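Structural overview
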Amino acid sequence: MAKTQLNVRVDETTAEAARRRAQQRGVSVNRYIEELVQRDAGEAGRTFVEAAADFMKQYESVFAQEFGAPERRTPDGRA
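Definitions and limits used
Residues numbered from 1 in each chain as written. Predicted model: local features only at pLDDT ≥ 70, side-chain atom pairs only at ≥ 80, totals over all residues. Heavy atoms only, no water. Helix = DSSP H or I, 4+ residues; strand = E, 2+ residues; numbered from the N terminus. Rg over C-alpha atoms; globule rule 2.2 N^0.38 Å. Buried < 20%, exposed > 50% of the residue type's maximum accessible area, 1.4 Å probe, protein only. Areas by Shrake-Rupley, 256 points an atom, 1.4 Å probe, with all protein chains shown as cover. Lys, Arg positive; Asp, Glu negative; His and termini not counted. Charge placed at Lys NZ, Arg CZ, Asp CG, Glu CD. Salt bridge = Lys/Arg side-chain N within 4 Å of Asp/Glu carboxyl O. Phe/Tyr/Trp six-rings, centres within 6.5 Å; stacked < 30°, edge-to-face > 60°. pLDDT = per-residue confidence, 0-100. Expected span 1.5 Å × (residues − 1). Arc of directions from axis to C-beta. Polar contact = N/O pair within 3.5 Å; in protein donor to acceptor, adjacent residues only side chain to side chain.

On to the overall build of the chain, then. What the chain contains, in helices and strands, is 3 helices and 0 strands. Reading the secondary structure of the chain in the N-to-C direction produces α-α-α. The C-alpha atoms of the chain give a radius of gyration of 22 Å, which is well past the 12 Å a tight globule of 79 residues would have. Taken over the C-alpha atoms alone, the chain extends approximately 60 × 30 × 25 Å along its principal axes. Buried positions account for 6% of the 79 residues belonging to the chain. Accessible surface for the chain amounts to roughly 7,400 Å². Of this, 54% is attributable to carbon and sulfur atoms. Put simply, the chain has 13 plus and 13 minus side-chain charges, and the middle of one group is 6 Å from the middle of the other.

Set out below in structure tokens:
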């Protein structure tokens, strides 16, 4: 995967905390920041999926009335 340079300005306390945490984990500061962003993006994705699932569960009867009941399938895809 190609890498892109990203310059970020933070206060010295935050910079030192990032250096210290990266060193404790045995990774570079770049890798540490990259992992934090990836983890944050993953959490946002999970939050969205959970909210969408809750919405569908809450309004399932409304959708069924409007569009008909969904066809239930087994985990292997059979009806």
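Considering all chains together, one arrives at 7 salt bridges under this definition. With a closest N to O distance of 3.1 Å, glutamate 12 and arginine 19 form a salt bridge. On the basis of relative accessible area, glutamate 12 is assigned to the exposed category, the value being 53%. Among the charged side chains, a network of salt bridges with common partners joins Lys3, Arg25, Arg31, Glu34 and Glu35.

Tallied over the entire structure, the rule returns 3 aromatic pairs. Judged by centre distance (4.9 Å) and plane angle (40°), the rings of phenylalanine 55 and tyrosine 59 are tilted. Summarising the aromatic geometry, the rings of phenylalanine 63 and phenylalanine 67 are spaced 6.2 Å apart at their centres and angled 25° between planes, so their arrangement reads as stacked. Taken as a pair, phenylalanine 63 and phenylalanine 67 lie in helix 3 (residues 60–67) at a separation of 4 residues, close to a single helical turn.

For helix 3, the tally of buried residues reaches only 0 of 8 residues, placing the bulk of the element at the surface. Among the residues trailing helix 3, glycine 68 stands out with phi positive, at a value near 90°.

Counting all residues, the mean pLDDT for the chain is 86, and 95% of those residues have values of 70 or more. Per-element confidence in the chain ranges from a low mean pLDDT of 83 for helix 3 to a high of 96 for helix 1 (residues 12–25).

Bringing helix 1 into the picture now. For helix 1, with 14 residues, the first-to-last C-alpha span of 20 Å sits near the 20 Å given by 1.5 Å per residue. Turning to helix 1, its buried residues are Ala15, Ala18 and Ala22. The buried residues of helix 1 all sit within an arc of 60° when viewed along its axis, so they share a single face. More than 90 degrees from the buried face of helix 1, the exposed residues found are Glu12, Thr13, Gln23 and Gln24. Of the residues that open helix 1, the one with a side-chain oxygen 3.1 Å from the backbone nitrogen of threonine 13 is aspartate 11. Following helix 1 by one or two positions, glycine 26 adopts a phi angle in the positive range, close to 75°.

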